[in-house]
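Listed below are the residues making up each chain.
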Amino acid sequence: MQHIWYPFTQAKTAPPPLKVKSAHGAWLELDNGQRILDCISSWWVNLHGHSHPAIAAAIYEQAKQLEHVIFAGFTHDPAEQLANLLLQRLPEPLSRVFFSDNGSTAVEVALKMAYQYWHNQRQTRTTFIAFEGAYHGDTVGAMSVGARSLFSEVFSDLLFDVKYVPFPGIHIGDDQVQAREEEALAKLETVLQQGGDRVAAILIEPLVQGVAGMQICRPAFLQQVQQLAHRHGTLLIFDEVMTGFGRTGDWFACLKAGVTPDIICLSKGLTGGSLPLALTVCTEQIYNAFYSDDPMHTFYHGHSYTANPLGCAAAIASWQLMHENEPRFKGMEALHRQHLSDLQDHPRLEKLRVIGTIAAMDIVTDDEPGYLNQISHVIREKAIAAGLFLRPLGEVLYLMPPYCITEDELAFVYSRIKAMI
Ligand SMILES: *Cc1c(COP(=O)(O)O)cnc(C)c1O
């Protein structure tokens with residue numbers, strides 16, 4: 001521990017990290033013997049439970065066969081199978097799969113793809129449009145398209161300019177949403193008009209903005225964003241790093257919203273939370289703009305571990321478990337709603353919201369809203385004592401459990417939360 005620099009952590013003031021010895025199903029086991037229920041799927045990656053035997057077996061079998069090989073000039077079955085499986089589910093025009101390592105690189109790849117797509121057609125398009133509150137990762141390009149925030153403030157001079165439009169979040173009982181959607185769409189239209197033929201792409205976290213505090217928008221909003229993108233002849237990129245693989249109650253948010261983007265970014269749940277891997281999937285039209293005799297039209301991007309066979313094998317095993325778990329990730333919203341109705345009138349909670357496997361609410365505090373709201377630490381500590389792992393985003397308390405969580409376990413989580421609040 002003395003030699004490790006932990007992410008998103010101020011070592012001077014943070015409590016020492018908890019040591020995890022093992023994890024099975026929805027439960028983490030600490031080295032002091034305490035068991036805590038993983039209510040947020042370990043940074044939103046776990047789908048089917050920890051240390052799943054089918055994923056473990058797939059990784060082991062693959063490791064004995066082919067652990068890794070350079071992916072330029074070589075190919076292998078795990079990568080090809082994974083691409084085929086996903087394309088059977090992703091909406092039709094998405095047809096080409098580019099591999100990388102994590103959500104941030106999936107976004108970097110999408111940005112570079114979009115930019116060069118225009119460049120290869122002799123168009124200079126340098127403007128990206130993103131949404132207020134957006135989070136797309138921590139590398140410099142991904143930070144640039146994210147909202148300017150506490151996380152990016154120090155680096156603001158390094159980031160390229162991006163145009164932002166409002167994200168019309170909703171909650172249960174919200175009757176103002178129509179007006180907010182119209183305002184956001186009007187702003188988007190204005191920015192598109194001003195950008196003219198220099199807009200490379202619109203980038204959005206579809207249906208749910210995660211880091212912004214689980215802000216949920218309506219499918220109809222995304223449909224109108226797509227219409228505007230089409231009308232103004234620009235690309236639409238969906239960052240489904242968090243929303244992919246069942247999180248919103250359908251296999252992908254794009255399916256739930258009935259919107260087909262030109263590029264989609266996938267990572268977190270891709271391997272069921274077992275190994276780092278990411279995909280950027282694009283349409284044949286985009287791919288064709290790079291297919292050329294001109295070496296300058298090549299997409300010169302790649303990573304040492306691109307399409308790592310172990311990651312691909314884990315992803316294939318996880319994909320098979322997605323079929324088994326389909327009733328669970330489709331059914332979890334109804335369970336959340338039941339429990340939320342119980343909390344609906346609590347004076348210390350507001351803006352209760354739910355989509356698929358994700359439920360969220362704002363805690364009323366005297367502190368300023370935002371990531372640094374101190375209630376987050378209070379809840380985290382109390383939760384551990386109550387046997388839960390929760391990590392509120394400032395004053396936003398949310399649940400995003402693995403799909404293996406039982407009805408009893410979920411009831412346990414809500415009863416503990418109610419007591420804590
Ligand atoms: C987590 C996340 C990322 C970044 O993924 P990393 O694997 O942490 O780099 C990008 N976009 C969204 C929507 C995310 O939730």
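Residues numbered from 1 in each chain as written. Predicted model: local features only at pLDDT ≥ 70, side-chain atom pairs only at ≥ 80, totals over all residues. Heavy atoms only, no water.

1. Concerning helix α3 (residues 77-89)
Okay, step 1: Compared with an ideal rise of 1.5 Å per residue, which puts 13 residues at 18 Å, α3 spans 19 Å between its outermost C-alpha atoms and is within 8% of the ideal.
Okay, step 2: Inspection of α3 places Pro78, Ala79, Leu82, Ala83 and Leu86 among the buried residues, and these make up the whole buried set. The buried residues of α3 occupy one face: seen down the axis, they fall within an arc of 130°. In α3, the exposed residues that point more than 90 degrees away from the buried face are Asp77 and Gln88.
Okay, step 3: Elements in contact with the buried residues of α3: α2 (53-65), β4 (94-100), β12 (278-283) and α10 (309-343). (Helix = DSSP H or I, 4+ residues; strand = E, 2+ residues; numbered from the N terminus. Expected span 1.5 Å × (residues − 1). Buried < 20%, exposed > 50% of the residue type's maximum accessible area, 1.4 Å probe, protein only. Arc of directions from axis to C-beta. Contact = heavy atoms within 4.5 Å.)

2. Details of the domain arrangement of the protein chain
Frequently, the measure chosen for interface size is the accessible area that the parts lose on association.
Okay, step 1: The domain architecture assigned to the protein chain consists of domain 1 (20-52 + 325-420) and domain 2 (56-318).
Okay, step 2: In this structure, domain 1 and domain 2 have C-alpha centres spaced 26 Å apart.
Okay, step 3: Roughly 2,600 Å² of surface becomes buried between domain 1 and domain 2 when both sides are summed, with 64% attributable to carbon and sulfur atoms.
Okay, step 4: It is Trp44, Arg353 and Ile355 that lose the most area in domain 1 upon contact with domain 2, and together they represent 26% of the buried surface on that side.
Okay, step 5: For the pair domain 1 and domain 2, the interface holds one salt bridge.
Okay, step 6: A salt bridge links Lys256 to Glu333, with the shortest nitrogen-to-oxygen separation between them at 3.8 Å.
Okay, step 7: Top contributing element to the side of domain 1 that touches domain 2 by residue count: α10, with six residues.
Okay, step 8: The class makeup of the residues in the side of domain 1 that touches domain 2 is 20 nonpolar, seven polar and six charged. (Domains from an automatic or database assignment. Buried area = accessible area lost by both parts, 1.4 Å probe. Salt bridge = Lys/Arg side-chain N within 4 Å of Asp/Glu carboxyl O. Nonpolar A, V, L, I, M, F, W, Y, C, P; charged D, E, K, R; others polar.)

3. Some thoughts on the state of the cysteines
Okay, step 1: In total, this model carries zero disulfides according to the counting rule given.
Okay, step 2: Free of any disulfide, Cys39 has its nearest cysteine sulfur in Cys404, 12 Å distant.
Okay, step 3: Taking the relative accessible area as the measure of exposure, Cys39 reaches 1% and is therefore buried.
Okay, step 4: Cysteine Cys312 shares no disulfide, and the gap to the nearest cysteine sulfur, in Cys265, comes to 17 Å.
Okay, step 5: Take Cys312: its relative accessible area is 0%, and that puts it in the buried class. (Disulfide = S-S within 2.5 Å.)

4. A short note on the packing of α10 against helix α12 (residues 407-420)
Okay, step 1: Where α10 meets α12, the axes come as close as 11 Å, and the angle between the chain directions of the two elements is 25°. The orientation of α10 relative to α12 falls into the category roughly parallel. For the crossing formed where α10 meets α12, the hand is right-handed. Mapping the contact onto sequence places Met332, Leu335, His336, His339, Leu340, Asp342 and Leu343 in α10 and Glu407, Leu410, Ala411, Tyr414 and Lys418 in α12.
Okay, step 2: Broken down by class, the residue content of the contact of α10 with α12 amounts to seven nonpolar, two polar and three charged. (Axes fitted to C-alpha atoms, helices over the stretch in contact; angles between N-to-C directions. Parallel < 35°, antiparallel > 145°, perpendicular 65-115°, else oblique. Left-handed = near helix turned anticlockwise from the far one by under 90°.)

5. Thoughts on the site of the ligand
Okay, step 1: Residues in contact with the ligand, as listed here, are Trp44, Asn102, Gly103, Ser104, Tyr135, His136, Gly137, Glu205, Asp239, Val241, Met242 and Lys268.
Okay, step 2: Side-chain polar atom of Asn102 to an oxygen atom of the ligand: 3.3 Å apart, as the coordinates give it.
Okay, step 3: Within the side chain of Ser104, a nitrogen or oxygen atom sits 2.6 Å from an oxygen atom of the ligand.
Okay, step 4: Burial of the ligand by the surrounding chains reaches 83%, relative to a free accessible area of 390 Å².
Okay, step 5: Split into classes, the residues belonging to the shell around the ligand amount to four nonpolar, five polar and three charged. (Near = heavy atom within 4 Å. Polar contact = N/O pair within 3.5 Å; in protein donor to acceptor, adjacent residues only side chain to side chain. Areas by Shrake-Rupley, 256 points an atom, 1.4 Å probe, with all protein chains shown as cover.)

6. Here we look at the sheet that holds strand β6 (residues 163-165)
Okay, step 1: Spatially, the seven strands line up as an open sheet ordered β4-β12-β11-β10-β7-β5-β6, and their pairing is mixed. The strands lining the two open edges of the sheet, one partner per strand, are β4 and β6. Put simply, the sheet's adjacent strands are angled 20° from each other on average, direction ignored.
Okay, step 2: Here four bridges tie strand β7 (residues 199-204) to strand β10 (residues 235-239), and the two strands are oriented parallel to one another. Residue pairing in the sheet places Ile202 in a bridge with Leu236 of β10.
Okay, step 3: Sheet strands touched by helix α6 (residues 177-195): β5 (127-131), β6 and β7. Its angle to β6, the strand with the most contacts, is close to 160°. (Pairing = 2+ DSSP bridges.)

7. Quick look at the side chain of Gln116
Okay, step 1: Residue position: Gln116 is located in helix α4 (residues 103-119).
Okay, step 2: Its relative accessible area of 15% is what places Gln116 among the buried residues.
Okay, step 3: Within the structure, the side chain of Gln116 is placed 2.8 Å from the backbone oxygen of Thr298, a separation counted as a polar contact.
Okay, step 4: In contact with Gln116, not counting residues within four places along its chain, are Phe290, Met296, His297, Thr298 and Phe299.

8. So, the packing of α2 against α10
Okay, step 1: Where α2 meets α10, the axes come as close as 8 Å, and the angle between the chain directions of the two elements is 150°. Between α2 and α10, the interaxial angle falls into the category roughly antiparallel. Here α2 and α10 pass one another in a crossing that is right-handed. For the pair formed by α2 and α10, the contact residues are Ala54, Ile55, Ala58, Ile59, Gln62 and Ala63 on the first element and Pro309, Leu310, Ala313, Ala314, Ala317, Ser318 and Leu321 on the second.
Okay, step 2: Residues belonging to the contact of α2 with α10 are distributed by class as follows: 11 nonpolar, two polar and no charged.

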